Protein chains: 2
Amino acid sequence: MVSDKILLDHGSGGRVSHELVERLFLPRFQNPWLQDLNDSAVITVEGGRLAFTTDSYVVDPLFFPGGDIGALAVCGTVNDLAMLGARPFYLSVAFILEEGLPLKDLERIVASMAKAAAEAGVHIVTGDTKVVPQGAGDKIFINTAGIGVVPEGIRIGGREAKSGDTVLVSGTLGDHGLTILSQREGLAFESPLKSDVAPLSGLVQEMLACGAEIHVLRDPTRGGLATTLNEIARQSGVGIEIWEEALPVRDQVLAASETLGLDPLYIANEGKLVAIVPKEEAEKVLTVMRKNKYGREAALIGEVTADHPGQVVLKTLIGGSRLLDMLSGEQLPRIC
Amino acid sequence: MVSDKILLDHGSGGRVSHELVERLFLPRFQNPWLQDLNDSAVITVEGGRLAFTTDSYVVDPLFFPGGDIGALAVCGTVNDLAMLGARPFYLSVAFILEEGLPLKDLERIVASMAKAAAEAGVHIVTGDTKVVPQGAGDKIFINTAGIGVVPEGIRIGGREAKSGDTVLVSGTLGDHGLTILSQREGLAFESPLKSDVAPLSGLVQEMLACGAEIHVLRDPTRGGLATTLNEIARQSGVGIEIWEEALPVRDQVLAASETLGLDPLYIANEGKLVAIVPKEEAEKVLTVMRKNKYGREAALIGEVTADHPGQVVLKTLIGGSRLLDMLSGEQLPRIC
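J.: I keep staring at the interface of chain B and chain A and nothing clicks. Help me out?
T.: One widely used convention gives an interface's size as the accessible area the parts lose upon coming together. Between chain B and chain A, the residue contacts involve 81 residues of the former and 81 residues of the latter. Summing both sides of the interface, chain B and chain A together bury roughly 6,300 Å²; the carbon and sulfur share of this comes to 54%. Contact with chain A buries surface across chain B, with Arg-15, Asp-39 and Phe-52 of chain B losing the most and accounting together for 13% of the total. Between chain B and chain A we count 10 salt bridges in total. Lys-130 of chain A is the partner of Asp-55 of chain B in a salt bridge, and the nearest nitrogen-oxygen pair spans 3.5 Å. For the pair chain B and chain A, the number of links is 40 residue pairs in polar contact (both at pLDDT 80 or more).

So, in structure tokens, the structure goes:
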């Protein structure tokens, strides 16, 4: 009898584990590397610089408007690679399943991963499945690690922001995090909230291809835009000033933030990037970003300063200044 | 006030997360890649073949005679790379922590990972930390992904076993799994059991350096030797025969197996490898293995046959034959 739920046996390494791999994972993630069924995948690379990254995904709920944990697990890691200017190529996937997880949920998640991987142009080449007894986990946790190739001449990183640079963001802020929190709180709004989860590697490739100099790229996930900008300010030893009037935030995200008492600047995004570029390149980069479906609402939101190094300042609508610190003391677990 | 337990905040991506990285992870895993604090690590490679692998570790208990989850997480992934003949270089590490985990447990695990990484000659270059609320996880789960370089001319894999080859094992069987299970059951034996967890990359490098032809290397982890040999028999389309009298098993492992009603051939090992080599190379390879501290008890345990392709047969002490199938229907969760 075939079970419609995940059993401890699915993680035994024995017959039932092999069936799961052969029936579910291989057909969905079809590629010659995975097909080999060795302990590691063997990939051939040209010499040069590779980007290597990892993230675990523990989002709750697993399925939400705009995406699910599978899409998140692929896009999040693809985006981390893209943020160094790398072209993502290979992913590993490791599942920690809780005994009793409906098999159809796993199938839906795997299908979503395959779709996101195809869009991002990456291959899932190696993997692992563990099953923990009921109560020792929570439905499903997914880890992905990724490898990408950094093209020659690219030098993008958190230490590269320079005084006089311009701060761009690829679209609206707070959509992912507020969607998850509203789902958990059972809140409904007139205009529905939707996660922005998306692979940004295509957008980044287009930004690089336009020839503009790009100093920093980073995706403002956990901790939101405010935390990301603080990281950059510290790493580069510069100040950053952003302008409240320029920040793109959807009305329904603002409404949800107010209801939940949260600031969208500290809320996770999963399909957005911050770009720091020389002032004279800003228009060119914005034009390119706006042509991509994930950059349509790109905006110039601030500038890098020599003042207040290591700090981020928000110029408010009413003309005041507010220090934007890193996320501190808030507890928004399992947002990604 | 500094907490002595993991809080949800440690996974927020904000200030407290950064403190954990800066105070605990960076000093222990010290290397220039991690120090950069970017979304990905950038590593420089020569052109050629890379091995890429991933595994999550969910072992319970976290600490056991001979090792802990940290040593396991480094050695397991290092060994998966080594099993393709690759020299392991870089690891990613991703923690899923349960709220309330004592910080001193995490510190002990991280120290153990750093020690195992140093022994294996690998660098932990990128990482991630998530925290789930109490009850949504179980203390700590660790994922590691690894990258290694496959030297030119090496062609090792599960499909390469040939009729007439010899089957070698690097040491005693069942030590890790029986140690974990005995700990969980609270069993004590006259001679204490001890996990065999160890990085095998050095042993493999020495085996390759002796110039012998090696067809298959694999570490018999979950599912044990029997399952591993079944995988190889299927992938290569050959039969495998092993001899009970030749199998190295410690007396205390045999005793524990009998008490628990388990067969050591199906029990996980974490510091052993199976090597399949041409008959004429067997003595040379065994001699090299026995000089390494992780191969001292290496033994020739069987042969590859053209008969019964896809199947593994055990020749018993009393002269009979028994089909050794893959692990099936047994439930030994959280053994690694």
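On we go.
J.: Even after reading the chapter, I still don't get empty space enclosed by the protein, so can you show me in this structure?
T.: Over the atoms, a rolling probe the size of a water molecule traces out where space has been left empty. Inspection of the entire model under this criterion finds 4 cavities of 30 Å³ or more. Roughly 190 Å³ of internal volume is contained in the largest cavity. In terms of lining, the largest cavity is formed by 21 residues, of which the most central are Gly-11 and Ser-12 of chain A together with Arg-222, Leu-332 and Ile-335 of chain B. When its residues are assigned to classes, the lining of the largest cavity shows 11 nonpolar, 5 polar and 5 charged. By volume, the second largest cavity amounts to about 80 Å³. Val-58, Arg-222, Leu-332, Pro-333, Arg-334, Ile-335 and Cys-336 of chain A together with Leu-8, Gly-11, Ser-12, Lys-130 and Val-131 of chain B are the residues that line the second largest cavity. When the residues that make up the lining of the second largest cavity are grouped by side-chain class, the tally is 7 nonpolar, 2 polar and 3 charged.

J.: Explain the domain arrangement of chain A here, please?
T.: Residues and elements named next belong to chain A. Splitting chain A by domain gives domain 1 (8–150) and domain 2 (166–324). At the junction of the two partners, domain 1 supplies 22 residues and domain 2 supplies 23 residues. Carbon and sulfur atoms make up 63% of the area that domain 1 and domain 2 hide from each other, which totals about 1,800 Å². A per-residue breakdown of the area domain 1 buries against domain 2 is headed by Pro-65, Asn-79 and Met-83, which together make up 30% of the total. Linking domain 1 with domain 2 are 0 salt bridges. Run the count over domain 1 and domain 2 and you get 6 residue pairs in polar contact (both at pLDDT 80 or more). Counting residues per element, the ones that place at least two in the side of domain 1 that touches domain 2 are α3 (69–82), β5 (87–98) and α4 (103–120). If one sorts the elements of the side of domain 1 that touches domain 2 by residue count, α3 sits on top with 8 residues. Tallied by class, the residues present in the side of domain 1 that touches domain 2 amount to 13 nonpolar, 5 polar and 4 charged.

J.: Sorry, what's going on with the sheet that holds strand β10 (residues 239–243) of chain A here?
T.: The strands that make up a sheet are held in pairs by hydrogen bonds between backbone atoms, and each pair lies either parallel or antiparallel. Residues and elements named next belong to chain A. The strand order across the open sheet built from 7 strands is β9-β11-β8-β12-β10-β13-β14, with neighbouring strands paired in mixed fashion. Pairing within the sheet leaves two strands with one partner each, and these edge strands are β9 (216–218) and β14 (321–324). Each strand axis lies, on average, 25° off the axis of its neighbour in the sheet, ignoring direction. Strand direction decides the pairing type here: β9 and strand β11 (residues 274–277), joined by 3 bridges, are antiparallel. Looking at β11, one finds that Leu-217 is bridged to Ala-275.

J.: Any chance you could explain the relation of the copies chain B and chain A here in plain terms?
T.: Both copies of the chain are related by a screw-like operation: a rotation about an axis and a shift along it. With an RMSD of 0.0 Å, chain B superimposes on chain A once it is rotated by 180° and translated 0.0 Å along the axis. Look at the turn and shift together and you get a two-fold axis relating the two. Considering only C-alpha atoms, the part of chain B nearest the rotation axis is Gly-47 of chain B, at 1.8 Å. Comparing contact sets, 100% of the residues at the interface of chain B also lie at the interface in chain A, consistent with an isologous, same-surface contact.

J.: Can you help me understand the sheet that holds strand β10 (residues 239–243) of chain B in this one?
T.: All names here are of chain B. Strand order in the open sheet formed by 7 strands is β9-β11-β8-β12-β10-β13-β14, and the pairing between neighbours is mixed. Each of the sheet's edge strands pairs with one partner strand only, and the pair in question is β9 (216–218) and β14 (321–324). The mean inter-strand angle of the sheet, taken between neighbouring strand axes irrespective of direction, is 25°. Inspection of the sheet shows strand β13 (residues 312–315) paired to β14 by 4 bridges, in the antiparallel sense. Bridge pairing in β14 places Val-313 opposite Leu-323. Contacts from helix α9 (residues 282–291) reach β8 (166–169), β11 (274–277) and β12 (299–305) within the one sheet, and its direction differs from that of β8 by about 5°.

J.: Honestly, the pairing of β5 of chain A in this entry has me stumped. Any pointers?
T.: Along any regular strand, the residues point their side chains to alternate faces of the sheet. Residue and element names in this part refer to chain A. In terms of burial, β5 is largely enclosed, as 10 of its 12 residues are buried. Direction of pairing for β5 relative to strand β7 (residues 140–150): antiparallel, over a ladder of 10 bridges. Across the sheet, the residue bridging to Ala-94 is Asn-143, located in β7. By the bridge criterion, 9 bridges tie β5 to strand β6 (residues 123–132) in an arrangement that is parallel. When the sheet's bridge partners are listed, Leu-97 is paired in β6 with Val-131. The handedness of the β5 to β6 crossover, carried by α4, is right-handed.

J.: Help me out: how do you make sense of helix α8 (residues 251–260) of chain B in this one?
T.: Count 3.6 residues to each turn of an α-helix, and residues three or four apart come out pointing the same way. All names here are of chain B. Along α8, the residues that are buried comprise Gln-252, Val-253, Ala-256 and Ser-257. For α8, the angular spread of buried residues about the axis comes to 140°, placing them on one side. Projecting away from the buried face of α8 at angles above 90 degrees are the exposed residues Asp-251, Glu-258 and Thr-259. Next to the buried residues of α8 lie α5 (175–185). Gly-261, located one to two residues past α8, shows a positive phi value of around 70°.

J.: Would you mind showing me how to read the packing of helix α1 (residues 15–28) of chain B against helix α4 (residues 103–120) of chain B here?
T.: Packed helices, taken two at a time, are described by the angle between their axes plus the distance between the axes. Residues and elements named next belong to chain B. The contact between α1 and α4 brings their axes to 9 Å, and the two run at 30°. When the axes of α1 and α4 are compared, the pair comes out roughly parallel. Touching Leu-20, Leu-24, Phe-25 and Arg-28 of α1 are Leu-103, Leu-106, Glu-107, Val-110, Ala-111 and Ala-114, all from α4. For the contact of α1 with α4, the per-class residue count stands at 8 nonpolar, no polar and 2 charged.

J.: Is there a simple way to explain helix α5 (residues 175–185) of chain A in this structure?
T.: Residues and elements named next belong to chain A. For α5, the buried fraction is high: 8 of the 11 residues fall into the buried class. Of all the positions in α5, only Asp-175, His-176, Gly-177, Leu-178, Thr-179, Ile-180, Leu-181 and Ser-182 are classed as buried. Tucked inside the fold, the buried residues of α5 contact β3 (63–64), α3 and α8 (251–260). Gly-186 sits one or two residues past α5 and shows a positive phi near 70°.

Conventions and cut-offs
Residues numbered from 1 in each chain as written. Chains lettered and ligands numbered in written order. Predicted model: local features only at pLDDT ≥ 70, side-chain atom pairs only at ≥ 80, totals over all residues. Heavy atoms only, no water. Contact = heavy atoms within 4.5 Å. Buried area = accessible area lost by both parts, 1.4 Å probe. Salt bridge = Lys/Arg side-chain N within 4 Å of Asp/Glu carboxyl O. Polar contact = N/O pair within 3.5 Å; in protein donor to acceptor, adjacent residues only side chain to side chain. 1 Å grid on protein atoms, 1.4 Å probe; cavity = no way out; pocket = protein on both sides within 12 Å on 5 of 7 lines; lining within 4 Å. Points joined across faces, edges and corners; volume = space filled by probe spheres on them. Nonpolar A, V, L, I, M, F, W, Y, C, P; charged D, E, K, R; others polar. Domains from an automatic or database assignment. Helix = DSSP H or I, 4+ residues; strand = E, 2+ residues; numbered from the N terminus. Pairing = 2+ DSSP bridges. Axes fitted to C-alpha atoms, helices over the stretch in contact; angles between N-to-C directions. Least-squares fit on C-alpha atoms with pLDDT ≥ 70 in both. Buried < 20%, exposed > 50% of the residue type's maximum accessible area, 1.4 Å probe, protein only. Right-handed = clockwise from strand over helix to strand, strands pointing away. Arc of directions from axis to C-beta. Parallel < 35°, antiparallel > 145°, perpendicular 65-115°, else oblique.

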